[in-house]
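Examination of the molecular architecture
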Amino acid sequence: MGVALAAWLAAPALAADTPPPVISDVVWRIVHVIQYLGGLFAMVTLTYAGILWMTAGHDPMNKDKAKGMIEMAIIGTVLLIIGPYLAMWIFEGFLPQSPG
Amino acid sequence: MGIEDMIGNVLLAIPKLIVDGAAALVSFVFNGVAPMLENQANVLLTYPAPVANLYPMWLFVVQIIALLSVVGFSLIGLYLLISGSNPADREKAKDMIQDLIFMAFLVAASYFIYLLLIELSSAIATSFWSFAGTTMTYRPNGAAEMVFFGLLYLLGAFLMNATLAFRSILIMAGVAFFPIGLALMRFPFGKGWGHAIVNTLFLLIFLPVADIIMIAVSAQASAAMGGAAGSFVWMVSYYLVALLNFILMFSTFKKIGDVVGSTVVAPVYNIAVAPVKIIEKIKDRVM
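The structure reproduced in this document is the subject of the present report. (Residues numbered from 1 in each chain as written. Chains lettered and ligands numbered in written order. Predicted model: local features only at pLDDT ≥ 70, side-chain atom pairs only at ≥ 80, totals over all residues. Heavy atoms only, no water.)

Structural notes on the overall build of chain A
Basically, it comes down to this: Labels follow the DSSP assignment, with helices taken as runs of H or I lasting at least four residues and strands as runs of E lasting at least two, numbered in each case from the N terminus. A 1.4 Å probe rolled over the protein chains alone gives each residue an accessible area, and that area as a share of the maximum for its type sets the label: buried under 20%, exposed over 50%, partly exposed in between. Computed with the Shrake-Rupley method and a 1.4 Å probe, the accessible areas treat only the protein chains shown as cover for residues.
Secondary structure summary: chain A contains 4 helices and 0 strands in total. What you see in chain A, going N to C, is helices and strands ordered as α-α-α-α. In chain A, buried positions account for 29% of the 100 residues. In the form shown here, chain A has an accessible surface area of approximately 6500 Å², with 73% of it arising from carbon and sulfur atoms.

Quick notes on the overall build of chain B
Selection criterion: In this description the radius of gyration comes from C-alpha coordinates, and the expected globular size is given by 2.2 Å times residues to the power 0.38. Charged residues are defined narrowly, with Lys and Arg counted positive, Asp and Glu counted negative, and His plus the chain ends left uncounted. Positions of charges follow a simple convention, taking NZ of Lys, CZ of Arg, CG of Asp or CD of Glu.
Within chain B, the secondary structure is distributed over 7 helices and 0 strands. Ordered by position in the sequence, the α and β elements of chain B form the string α-α-α-α-α-α-α. A globule of 287 residues ought to have a C-alpha radius of gyration of about 19 Å, yet chain B, at 29 Å, is considerably larger. Viewed in the frame of its principal axes, chain B has a C-alpha envelope of about 115 × 60 × 30 Å. The buried share among the 287 residues of chain B stands at 39%. Accessible surface computed for chain B: about 15400 Å², of which carbon and sulfur atoms make up 76%. The centroid of the 14 positive side-chain charges in chain B is displaced by 18 Å from the centroid of its 14 negative side-chain charges.

A look at the side chain of arginine 167 of chain B
Our working rule: Basic side-chain nitrogens of Lys or Arg form a salt bridge, by our definition, when they fall within 4 Å of a carboxyl oxygen of Asp or Glu.
Within the fold, arginine 167 of chain B resides in helix α5 (residues 142-185). Comment: no salt bridge for buried arginine 167 of chain B; closest opposite-charge side chain is aspartate 211 of chain B, at 6.0 Å.

Side note on empty space enclosed by the protein
Residues and elements named next belong to chain B. Our working definition: Cavities and pockets were defined on a 1 Å grid built over protein atoms only: a cavity is a set of grid points that admits a 1.4 Å probe from which the probe cannot escape, a pocket is an open set flanked by protein on both sides within 12 Å along at least five of seven lines, and lining residues are those with an atom within 4 Å of any such point. Grid points are joined across faces, edges and corners, and a volume is the space filled by probe spheres set on the points. Under the scheme applied, nonpolar residues are Ala, Val, Leu, Ile, Met, Phe, Trp, Tyr, Cys and Pro; charged residues are Asp, Glu, Lys and Arg; polar residues are all the others, including Gly.
Inspection of every chain in the model, using the stated rule, returns 1 cavity of 30 Å³ or more. Considering only enclosed or pocket space, the largest cavity measures out at about 60 Å³ in volume. Taken together, the elements giving at least two residues each to the lining of the largest cavity come down to α4 (110-132), α5 and α6 (191-225). Ranked by residue count, the leading element in the lining of the largest cavity is α4, at 3 residues. Taken together, the residues of the lining of the largest cavity sort by class into 8 nonpolar, 2 polar and 1 charged.

As for the layout of surface pockets
Residues and elements named next belong to chain B. Taken as a whole, the largest pocket encloses approximately 440 Å³ of empty space. Around the largest pocket sit 19 residues that line it, and Leu100, Met103, Ala183, Phe187 and Phe189 are the ones nearest its centre. When residues of the lining of the largest pocket are traced back to their parent elements, those giving at least two are α2 (55-82), α3 (87-108) and α5. Among the elements that make up the lining of the largest pocket, the one with the highest residue count is α2 (7 residues). Class assignment for the residues of the lining of the largest pocket results in 14 nonpolar, 2 polar and 3 charged. In this model, the second largest pocket occupies a volume close to 210 Å³. In this structure, the second largest pocket is lined by Leu170, Ala173, Gly174, Phe177, Trp193, Ala196, Ile197, Thr200, Leu201, Leu204, Phe253 and Ile256. When residues of the lining of the second largest pocket are assigned to their parent elements, the largest contribution, 6 residues, is made by α6. Across the lining of the second largest pocket, the residue classes tally to 10 nonpolar, 2 polar and no charged.

In structure tokens, the structure reads:
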């Protein structure tokens, strides 16, 4: 799996017709891997939390736990999706285009 | 006039000739070198370091930090997902997001902050300089003063210029380290490093203010004293400035060395000696 992941990350470098990759390509690929993993985990978490809520009945502890998990999963997913772009926006927006 | 008187006069004239000759030689060097060193010192103390030349280096460093923060944001998102409904983890993630956003703004603006600090230091130094009403010039009065103080003054001015030039080079290089320091300051693992880098750069930037106060005070004292004592004070001020610069730079680098020792050397040492310690523990249990 590690080898496959490394090959996938290095794919831009191995492609014959594409220009040599810059470091940002590799970093964005890593970010996409994290986003895929996060998405997968969010799906599992939301499903589990949903089942927990459905089966909680009158147990307030399980209900609260399920609520907390859903809340965290939503916040985490939102951050996972917009976080990297937020960081780029901050840096690109504030970087001076030429030395002051 | 008898022969004895003539010999006596010649013997008396010899030391004067030697002093005058030496003074002529020293003044030849002095008049050529002193104005140059004084101008150089003036420029190094009052003009801001030309950091704009190293702007591409700063940009490169900031781009790397930007990419790392992009990964950082994704990892915090993943951490939130994995942490489940644990409130302590939620608080921790919230703090991490705050730190990351604050760091991103600070790093993105670091070039302007750095320029601002340099301009501020230069403005303070220049205003102190004009307020004191002194010019960085010392011209010995008479042959004896030229012989005794001339070369010592040149050496002092040279040493002061050398420390100031070193400081200027460090400030120029510092434009690339400043964002690194600001970024590290926000995280527990790099707090020591971050503080060490930023504090050192602050000290280097504002060093000329202390230097100029020292020179201005010495100039006033020299003018008030007058004569050879006044000249001596004026000359000593350059040595004091050189010494002050050296001590401050040396102590800050020593501090960086301590930080490096505690954050890099200590863990490496612990890892290196870990097998030995494990073997010793096994031995203790077996024996």
